[in-house]
Amino acid sequence: MKPLFALIIVLFVCLTSFAQKPRIIILATGGTIAGEGASADRAAYTAGKVPIKSLLAAVPGIEKIADITGEQIANVGSQDMTIEIWMKLNKRINEIFTNNEAEGIVITHGTDTQEETAYFLNLTVRHDKPVVLTGSMRPSTAISADGPKNLYDAVTVAASPKSNGRGVLVVFNESIFDGRDVVKGNTTKVDAFSSPNLGPLGQVYDGKVIYYLNAVRAANKATPFDIKGLTTLPKVGIAYMDADADGGVVAHFVKEGYKGIIIAGVGNGNFNKAFYDAIDAAVKKGVIVVRSSHVGSGRVTLYDEVDDKTLGTLVSDDLNPQKARLLLMLGLTQTSNKDILQSYFFKY
């Protein structure tokens, strides 16, 4: 029996050593993480210059985590991110998981609109396997570039079974954020991302993934926003309210045929008389108007400082203006019923 037992142990060790690593596909879109500067000590750079193969070559040990392949979906600074690229990403992600091409996906992305892409995908991806966005605040040529570490951590999170069913995630500076709640809160520092209302879901450190919160908003295939077959989305604009604003931007959106308007209001989504009158006129012409706030955190509440029932406006709950715009665009692909649209803001 002893020789047989020894043989079993040897076979087990051999099988374990040859166990298949998770398959991770990296979808590259450009951004600072793929940026190239004139010198290592200067902040100026050109985004989207470095191809995905070069990014991977700069991350020692990443091949030990997973079997990694890369695809270049786009190569832009994220200020130039478009709905067309979002739809291309959505299509490819759903295709990868439908065809069982990978256990997880990492998207390299510029930081300026990373929160918007994360939320768009969080609402539209039809699968529950991990999709993780990351990027960097320093270009690849800079002293102490943060891209390689962020990419290593993002692959670690995407390869972890713990990440299944958590919606789209953002990994940055060793923190794991929910794609719905994450925001960029600093223009230059490497700890640029946070979730002001809830905090991070977890951390990734020394190759270990730890979650200590669960997001409760519905995501991925639990949403109604299957955009397969769509090539465009309804036009929704953001009107920024500040002191003594005249409301002309609201009238402009109505004139240009926008289907929805997000008000980036003060305080609890509030606005002055000029904005009130412009919003009233917009609503009477059938435009859906949602009150949000340009304050950095908190909720916009129904029937509080503004009589939404009388005015005919909706509220964004705790979504900032740019994310409220995304949800309204997608919501309008399903319905123009205000009660249903309002329920989306409380559910997704």
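Going by the annotation in an unreviewed UniProt entry, the name recorded for the chain is Asparaginase, with Chitinophaga niastensis given as the source organism. UniProt, in the comment section headed Sequence similarities (unreviewed entry), describes the chain in these words: "Belongs to the asparaginase 1 family."

## Points about the overall build of the chain
Check the secondary structure of the chain and you find ten helices and 14 strands. Along the three orthogonal principal directions, the C-alpha set of the chain runs to about 85 × 50 × 35 Å. Out of the 348 residues belonging to the chain, those deemed buried represent 51%. Relative to all contacts within the chain whose residues are 6 or more apart in sequence, the contacts with residues 24 or more apart total 72%. Carbon together with sulfur atoms contributes 55% to the accessible area of the chain, which is approximately 16,200 Å² in total.

## Quick word on the domain arrangement of the chain
Domain annotation for the chain reports domain 1 (23-222) and domain 2 (236-346). If you average the C-alpha positions of domain 1 and of domain 2, the two centres end up 30 Å apart. Counting residues at the interface gives 16 residues for domain 1, matched by 16 residues for domain 2. Our count for the domain 1 to domain 2 interface comes out at three salt bridges.

## As for the packing of aromatic side chains
By the definition in use, this model includes seven aromatic pairs. Plain terms: the ring middles of Trp86 and Phe120 are 5.0 Å apart, the flat faces sit at 20° to each other, and that makes the pair stacked. Here Trp86 is found in helix 3 (residues 83-98), whereas its partner Phe120 is found in helix 4 (residues 114-124), with 34 residues between them in sequence. Look at Phe120 and you get buried, because its relative accessible area is 0%. Ring geometry for Phe253 against Tyr258: centres 4.7 Å apart, planes inclined by 50°, an arrangement best described as tilted. Grouped by ring-pair contacts, the aromatic residues Phe225, Tyr344 and Tyr348 constitute a single cluster. Above the face of the Tyr211 ring, Arg166 is positioned so that its terminal group lies 3.7 Å from the ring centre.

## Quick word on the UniProt feature "binding site: substrate" (unreviewed entry) in the chain
Feature annotation in UniProt assigns "binding site: substrate" (unreviewed entry) to the following positions: Ser78, Thr111 and Asp112. These residues run over 35 residues, yet every pair of their C-alpha atoms falls within 6.6 Å of each other. Along the chain, the position of Ser78 falls in the loop between strand 2 (67-76) and helix 3. Ignoring sequence-local partners within four residues, the contact set of Ser78 consists of His109, Gly110, Thr111, Asp112 and Thr113. Its place among the elements puts Asp112 in the loop between strand 3 (104-108) and helix 4.

The rules behind each value
- Residues numbered from 1 in each chain as written.
- Predicted model: local features only at pLDDT ≥ 70, side-chain atom pairs only at ≥ 80, totals over all residues.
- Heavy atoms only, no water.
- UniProt positions renumbered as here; feature names shortened; annotations may be inferred.
- Helix = DSSP H or I, 4+ residues; strand = E, 2+ residues; numbered from the N terminus.
- Buried < 20%, exposed > 50% of the residue type's maximum accessible area, 1.4 Å probe, protein only.
- Contact = heavy atoms within 4.5 Å.
- Areas by Shrake-Rupley, 256 points an atom, 1.4 Å probe, with all protein chains shown as cover.
- Domains from an automatic or database assignment.
- Salt bridge = Lys/Arg side-chain N within 4 Å of Asp/Glu carboxyl O.
- Phe/Tyr/Trp six-rings, centres within 6.5 Å; stacked < 30°, edge-to-face > 60°.
- Lys NZ or Arg CZ within 6 Å of the ring centre and 35° of its normal.

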